Amino acid sequence: MKKHTEYLLLFIVVIVAATLRLWQLGNIPSSPDWDEVALGYNAYSIMQTGRDEYGKFLPIVLRSFDDYKPALYAYLSIPAIIIFGLNEFAVRLPSATFGILTVLATFFLVRELFKKDNIALLSSFLLAISPWHIQFSRIAFESNVGLAFNSFAVLFFLWGLKKPWILVMSSIVMALNLYVYQSEKVFTPLLFVLLVIYFRKQLFLISKKYLIMAFLLGLFVSLPMIHYTFTNREALSRAQDVSILTNKAPDLAENVVRLMKDRERNDILGLILDNRRVTYFKNIASGYLSHFDLNWLFIEGDIARHHAPSMGLLYIFEFPFLLIGIHMLLFGAFPRKTKLLIFGWFLIAPIPASVTSDVPHAVRTLNFLPTFQIFTAIGLISTISLVSNIKYKILSMKIRYITFVFFFFFFAFNFSYYINQYFVQQNYFHAKYWQYGYKEAVEFLMPVQNKYNKIIVANTQPLDQSYIFFLFYSKYDPSKYLADGGTKSGILEEDRNKFLNFEFRPFTYYTEESQNILLVGSSSDFKEIFKTIKRIDYPNGEVAIRIVHKD
């Protein structure tokens, strides 16, 4: 393939990727979730005051909802907020941008590994239209930036084997990834180990000054996060909350009962099998293997915010080519190190999620990409080659024609169905999962808030973390908020967050003694019909939020 043709096709692929990631970015999905809003408001606060919502100066970790998320995404959002203001588009733009860059990185990475332009172009195209990748490129989820960093880190590493100074860039990108998302603290070091093992001979041929420089700069960049992780007990609080290795694991209580019976019966085998370590191993193995569930990958996905309605994470048309591609890569005439790297990447991707609850989990395993697309591209190209080389001329034209026409229409249907489900149906069917209605509530309340003694907003499901939405949509001055104490500690404290005359806590209509107040909640907060002055509905007509006046 000629260079200008290759880059023209790559340009088209990037345009497709950009269109699918940027069109209606601020409106689809219909509302940011609480993590997106928290990242946005903390970026806004750091931009204006140098401090997050708790008053922490230039944090490398955001305390947020006491989940202590790495802060780099918030810093990446600041330029967009400066240009576009504090809104959904600005907060999601870094993720969309890195999503587009990942498509570009995939092309150069695959070309470097396979030395074949067709596999590189097709892999990048499949990633450009991937439901899994589009889903997380269009929301402010840090994992998408982590995937981009991993892709570029591997690409820079491979380039660095030829031009050693580029190894420094790979090291810095890997170190920065520790500041992006919790899963990267596990996945990125594992990926680094794979690279060193597989390419150790080439590394040892490189001048030591480049290796030492890359190591020291990577260590220097990562040291603040390493220090924070080992010196702050809160650093791992999120990991502890979702880990199945804590005493919160659901089947540990049953194990205790079984162990007591085993001791009573002097059942040695039972004591071994009912040991909690065996239980941990079974849970981890089960969690790991759950990410290869075809139903999860192609049909259902996991929670609603992680996929388009009635869609899995991958296209159904990809399934046969995925299997063919895995077989061809395993047994085909491809470079051994390429095989090892792709399969190694594929197999370590579920490890960070396997020790957590709520598996399979699309966010924590986003690093599966772009391996699925690489397998599929190899399978598709191999199939086209096979069909094109059928020897019997009488049958070959018919078989080729039928095969290509069938695939084209199946692809067109599958892709069109996804586009409709994501860009048309999602806001109608999934708005309730995206905490829809806060923007409309804030726009209604802010102009009239001075007319009431108090406005109490529920902070229980489905209005979780309501305070951060009001801060975000009102663009409340961070310096004023911090001067009044900022966000208080403890997620479950009933009266932890206030500003102006807003309070964010559970309430019951009859127990609120104040007069001339507004109560803001969902239908579950109002078991009876009270004086509703504003009703906000989901796009499907169901009630999202009620604003009730109590005289």
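Our structure's up above, just so we're on the same page.
Parameters and conventions
Residues numbered from 1 in each chain as written. Predicted model: local features only at pLDDT ≥ 70, side-chain atom pairs only at ≥ 80, totals over all residues. Heavy atoms only, no water. Helix = DSSP H or I, 4+ residues; strand = E, 2+ residues; numbered from the N terminus. Rg over C-alpha atoms; globule rule 2.2 N^0.38 Å. Buried < 20%, exposed > 50% of the residue type's maximum accessible area, 1.4 Å probe, protein only. Contact = heavy atoms within 4.5 Å. Areas by Shrake-Rupley, 256 points an atom, 1.4 Å probe, with all protein chains shown as cover. Lys, Arg positive; Asp, Glu negative; His and termini not counted. Charge placed at Lys NZ, Arg CZ, Asp CG, Glu CD. Core = buried A, V, L, I, M, F, W, Y, C linked by side-chain atoms within 4.5 Å. Phe/Tyr/Trp six-rings, centres within 6.5 Å; stacked < 30°, edge-to-face > 60°. Lys NZ or Arg CZ within 6 Å of the ring centre and 35° of its normal. Pairing = 2+ DSSP bridges. Axes fitted to C-alpha atoms, helices over the stretch in contact; angles between N-to-C directions. Expected span 1.5 Å × (residues − 1). Bend = angle between axes of the 7 residues up to and from the residue.

Another point: the overall build of the chain. For the chain, the count of helices and strands is 24 helices and eight strands. Against the globule reference of 24 Å for 551 residues, the chain gives a C-alpha radius of gyration of 26 Å, in line with a compact fold. For the chain, with 551 residues in total, the buried portion stands at 54%. Considering only residue pairs separated by 6 or more positions, the chain has 74% of its internal contacts joining residues 24 or more positions apart. Accessible surface computed for the chain: about 25400 Å², of which carbon and sulfur atoms make up 65%. When the 54 positive and 42 negative side-chain charges of the chain are each reduced to one mean point, those points stand 12 Å apart.

Membership of the largest hydrophobic core comes to 143 residues, with the highest contact counts inside it found for Phe114, Trp132, Phe372, Ile468 and Phe470. Element by element, the count of residues in this core is highest for helix α4 (residues 88-114), at 13 residues. Each residue touching Phe470, except ones within four places of it in the same chain, is listed here: Tyr438, Val442, Leu445, Val457, Phe499, Phe502 and Phe504. In this structure, Leu122, Phe321, Phe411 and Phe423 belong to the second largest nonpolar core, which totals 17 residues.

On to the packing of aromatic side chains, then. Per the stated rule, a full pass over the model turns up 55 aromatic pairs. Residues Phe317 and Phe407 carry aromatic rings whose centres are separated by 5.9 Å and whose planes lie at 75° to one another, so their mutual orientation is edge-to-face. Of the two residues, Phe317 is situated in the loop between α16 (294-300) and α17 (318-331) and Phe407 in helix α21 (residues 393-430); the sequence distance between them amounts to 90 residues. One aromatic cluster is present, formed by Trp23, Tyr315, Phe317, Phe321, Phe407, Phe411, Phe415, Tyr418, Tyr422 and Phe423 through successive ring pairs. The cationic tip of Arg305 hangs over the ring face of Trp34; the distance from NZ or CZ to the ring centre is 5.2 Å.

Here we take up the sheet that holds strand β4 (residues 497-499). Pairing in this open sheet of six strands is mixed, and the strands run β4-β5-β3-β6-β8-β7 from one edge to the other. The open sheet has two edge strands with one neighbour each: β4 and β7 (532-537). Neighbouring strand axes in the sheet, compared pairwise and without regard to direction, differ in orientation by 15° on average. Relative to strand β5 (residues 502-504), β4 runs antiparallel, the two sharing three bridges. Paired with Phe499 across the strands is Phe502, a residue of β5. Running at roughly 30° to β4, helix α23 (residues 466-474) makes contact with β3 (454-457), β4 and β5 of the sheet.

Moving on: helix α3 (residues 72-84). For α3, with 13 residues, the first-to-last C-alpha span of 19 Å sits near the 18 Å given by 1.5 Å per residue. The principal kink in α3, of about 30°, is found at Ile78, preceding the proline Pro79 by one to four residues. If you check which residues of α3 are buried, you get Leu72, Tyr73, Ala74, Ser77, Ile78, Ala80 and Ile81. At its buried positions, α3 is contacted by α2 (34-49), β1 (61-62), β2 (69-70), α4, α7 (142-160) and α8 (166-177).

Quick look at the pairing of β3 now. On β3, burial covers both faces: Lys454 and Ile456 on one face and Ile455 and Val457 on the other are all buried. Pairing geometry for β3 and strand β6 (residues 517-521), over four bridges, is parallel. When the bridges of β6 are listed, Val457 appears paired with Val520.

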